[in-house]
Amino acid sequence: MKKTELALLIIERLTDKYPDAICSLDYAEPWQLVIAVRLSAQCTDARVNIVTEKLFSKYPTMSAIAEADIDELTDMVRPCGLSASKARDIKQCMTELINAHSGRVPDTMEELLKLPGVGRKSANLILGDVYGQPAVVTDTHCIRITGRMGLTDGSKDPKKVEDQLRKILPPDRSNDFCHRLVLFGRETCTARSPRCETCCCNDICRKKI
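The structure reproduced in this document is the subject of the present report. Throughout this description, residue numbers start from 1 for each chain and increase along the sequence as written. pLDDT decides what is reported in this predicted model: residues at 70 or higher carry local features, side-chain atom pairs at 80 or more are listed and counted, and totals for whole chains, interfaces and linings draw on all residues regardless. Remark: hydrogens and water are excluded; side-chain values derive from all non-hydrogen atoms of the structure.

Looking now at the overall build of the chain. Assigned secondary structure in the chain consists of 11 helices and zero strands. Secondary structure is summarised from DSSP: a helix means a run of H or I of at least four residues, a strand means a run of E of at least two, and numbering begins at the N terminus for each. When the elements of the chain are put in sequence order from the N terminus, they spell out α-α-α-α-α-α-α-α-α-α-α. For the radius of gyration, the atom set is restricted to C-alpha positions; the globular benchmark scales as 2.2 Å times the number of residues to the power 0.38. Taking 17 Å as the expected radius of gyration for a compact globule of 209 residues, we find that the chain reaches 18 Å, a close match to that expectation. Taking the principal axes of its C-alpha atoms as reference, the chain extends roughly 55 × 30 × 30 Å. The buried label applies to any residue whose accessible area, calculated with a 1.4 Å probe on protein chains only, is under 20% of its type's maximum; exposed applies above 50%, and partly exposed to all values in between. The buried share of the chain, taken over its 209 residues, is 50%. By definition in these notes, contact holds between two residues if any of their heavy atoms fall within 4.5 Å. Within the chain, counting contacts between residues at least 6 apart in sequence, those at least 24 apart form 63% of the total. Residue-level accessible areas treat just the shown protein chains as cover; the underlying method is Shrake-Rupley with a 1.4 Å probe. Split by element, the accessible area of the chain, about 10200 Å² in all, is 51% carbon and sulfur. None of His or the chain ends enter the tally, which takes Lys and Arg as positive and Asp and Glu as negative. For charged residues, the charge sits on one atom: NZ in Lys, CZ in Arg, CG in Asp, CD in Glu. Across the chain, the mean location of the 31 positive side-chain charges is 7 Å away from that of the 29 negative side-chain charges.

We now examine the nonpolar core. In plain words, nonpolar cores are sets of buried Ala, Val, Leu, Ile, Met, Phe, Trp, Tyr and Cys residues tied together by side-chain atoms within 4.5 Å. Counting residues in each nonpolar core, the largest one holds 64 residues, and the members touching the most others are Ile10, Trp31, Ile35, Leu39, Leu55, Ile65 and Met94. Top contributing element to this core by residue count: helix H2 (residues 30-39), with seven residues. Discounting chain neighbours no more than four positions away, the residues touching methionine 94 are Trp31, Val34, Ile35, Met62, Ile65 and Ala66.

What is shown is where atoms sit, not what they do.
Have a look at this one:
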């Protein structure tokens with residue numbers, strides 16, 4: 001079976017299992033997603049959502065974040081870990097969005113990657129969820145699962161995995177597919193002791209575990 005055919009089968013089965021898959025980070029405005037995804041580095045989405053609820057309540061605008069006291073900001077994001085660097089990036093990023101982009105989150109990979117604290121994973125999530133562009137978010141779930149199933153060559157390099165997946169995933173379904181992989185990775189195809197016996201893709205998975 002070709003990888004493009006395998007990808008379509010997996011997409012269909014995960015779509016049946018998780019029909020309403022959406023981003024697991026809570027946000028109301030694009031700039032809030034920029035902050036949330038920065039906080040999510042080495043932190044669970046559930047914890048990020050707890051922190052951002054309080055953060056956005058205290059600082060409801062980009063300007064409020066940009067003008068926030070860095071020590072107070074650091075304390076607020078401390079539960080997400082790496083608080084000093086995350087607070088610095090968030091404050092600088094909001095300042096740059098205001099000064100260089102008139103308060104609008106960019107809609108190109110090139111411009112997003114210029115923002116403090118924004119890497120390809122973050123940029124892809126923003127492009128896919130905010131602007132509806134074809135996106136491949138290579139988080140830990142995506143990298144692990146696509147390697148196990150044989151959609152990629154097992155590489156752990158996010159950019160290499162992204163490049164391989166872009167060649168075989170339908171562009172209009174790639175973003176939702178990555179959201180479904182998060183749910184699938186938490187429930188079934190876990191990092192340790194994957195539940196292969198109850199997996200909806202058991203018969204087509206190449207099981208590169």
